[in-house]
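# Observations on the three-dimensional arrangement
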Amino acid sequence: TKWITDDDTIVIVGIGCKFPGAENKDEFWNVLLNGENHVIEVPPDRWKLDPHYDPDPDAPGKTYVRRAWFHQKSERMDPQHKYVLDCVHMAMEDGGFTRKLLAASDTGVYIGAMNDDYKSGWNDDLKVTDNYSLTGSSPSLISARVSFVYNLHGPSMVIDTACSSSLVAMHIAAQAIKAGDCSMAICGGVNCILYPDMFVPLSKARMVSPTGQCQAFTAEADGYARGEGCGIVILKKKKQAIADGNKIWAEISTGCNQDGREATPITAPSGNQQEKLLEKVYSGNRINAADIQYIEAH
């Protein structure tokens, strides 16, 4: 990698993750190396599949999806809260950051999350609601819980921009570091699938793959596959990371825009706007495209 010399360059100094088939980054790396596919049929402890399934995409109240990527189920607290706390701790260990080191620091927390299946489940039976139900099920508390547990005083927020939530969270975190709102940021995304509700409208919109497989950039692409898990990275300015002796995983550059009304319907992507955003990121950060090792594409 050719290091960018700009003092505002943002780098990743810690990583933590939980995904299907992997409880940490090392196991996830092995999943990638081995080309493992952990898509499975909906487990019976999530919901009874047959009453909600119909291969006909137009069948009222039904989904044509039988498979997805699942991790594990938790009780009493939204699993998304637990996943984030677990992965934040792993990212801190990976980067060599202790609780004592981060306590009362201006470290920010930016988490992308778009689903709140767990909250929907509690609403089915109000008799089980207690004083922990609000803080244990509210998506807005995901980032606040991290700040509370580790006593972090920087900005803390949950961001929902649908499928781009975690990417936008990283962008906002990077901008916050550059603006001086925080000297370091914990950011990433999380998702849990606890109920079949969302599969139904996604099936009607023909957005999800009937086979439960993403086949991006191919003629066979027939929708995306839903999955659950959590990924966390810790960001810093490169200059500060070098001064602090941190391990540097990678340099990152981010950008953000919107399609406006260039594409129809509202869910359709605009190739023109995506091209403009890439050009903006490349030119604004003086990036040579030949030096890029990885691009997150949706």
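One can find the structure itself at the top, above this paragraph.
Summarised in this report is the structure supplied together with it. For clarity, every value in this text was computed on a predicted model and none was experimentally measured. (Residues numbered from 1 in each chain as written. Predicted model: local features only at pLDDT ≥ 70, side-chain atom pairs only at ≥ 80, totals over all residues. Heavy atoms only, no water.)

## With respect to the packing of helix H2 (residues 79-95) against helix H6 (residues 141-150)
Where H2 contacts H6, the two axes come as close as 10 Å, and the packing angle between them is 45°. In this view, H2 runs oblique relative to H6, as classed from their interaxial angle. With respect to the hand of their crossing, H2 and H6 are arranged in right-handed fashion. Contacts between H2 and H6 involve Gln80, His81, Val84, Leu85, Val88, His89 and Met92 from the first element and Leu141, Ile142, Arg145, Val146, Val149 and Tyr150 from the second. Among the residues making up the contact of H2 with H6, the classes are represented as nine nonpolar, three polar and one charged. (Axes fitted to C-alpha atoms, helices over the stretch in contact; angles between N-to-C directions. Helix = DSSP H or I, 4+ residues; strand = E, 2+ residues; numbered from the N terminus. Parallel < 35°, antiparallel > 145°, perpendicular 65-115°, else oblique. Left-handed = near helix turned anticlockwise from the far one by under 90°. Contact = heavy atoms within 4.5 Å. Nonpolar A, V, L, I, M, F, W, Y, C, P; charged D, E, K, R; others polar.)

## Describing the pairing of strand S7 (residues 229-237)
Summarising burial for S7: seven of the nine residues are buried, a large majority. When strand S1 (residues 10-18) meets S7, the two strands line up antiparallel, connected through eight bridges. Directly across from Val11, in S7, lies its bridge partner Lys236. Sheet analysis places strand S6 (residues 184-191) next to S7, joined by eight bridges and oriented antiparallel. What sits directly across from Ala185, in S7, is Leu235. (Buried < 20%, exposed > 50% of the residue type's maximum accessible area, 1.4 Å probe, protein only. Pairing = 2+ DSSP bridges.)

## Side note on helix H1 (residues 25-34)
Measuring from the backbone nitrogen of Asp26 back to the side-chain oxygen at the start of H1 gives 3.1 Å, which picks out Asn24 as the cap. Positioned one or two residues after H1, Gly35 has a phi angle of 65°, which is positive. (Polar contact = N/O pair within 3.5 Å; in protein donor to acceptor, adjacent residues only side chain to side chain.)

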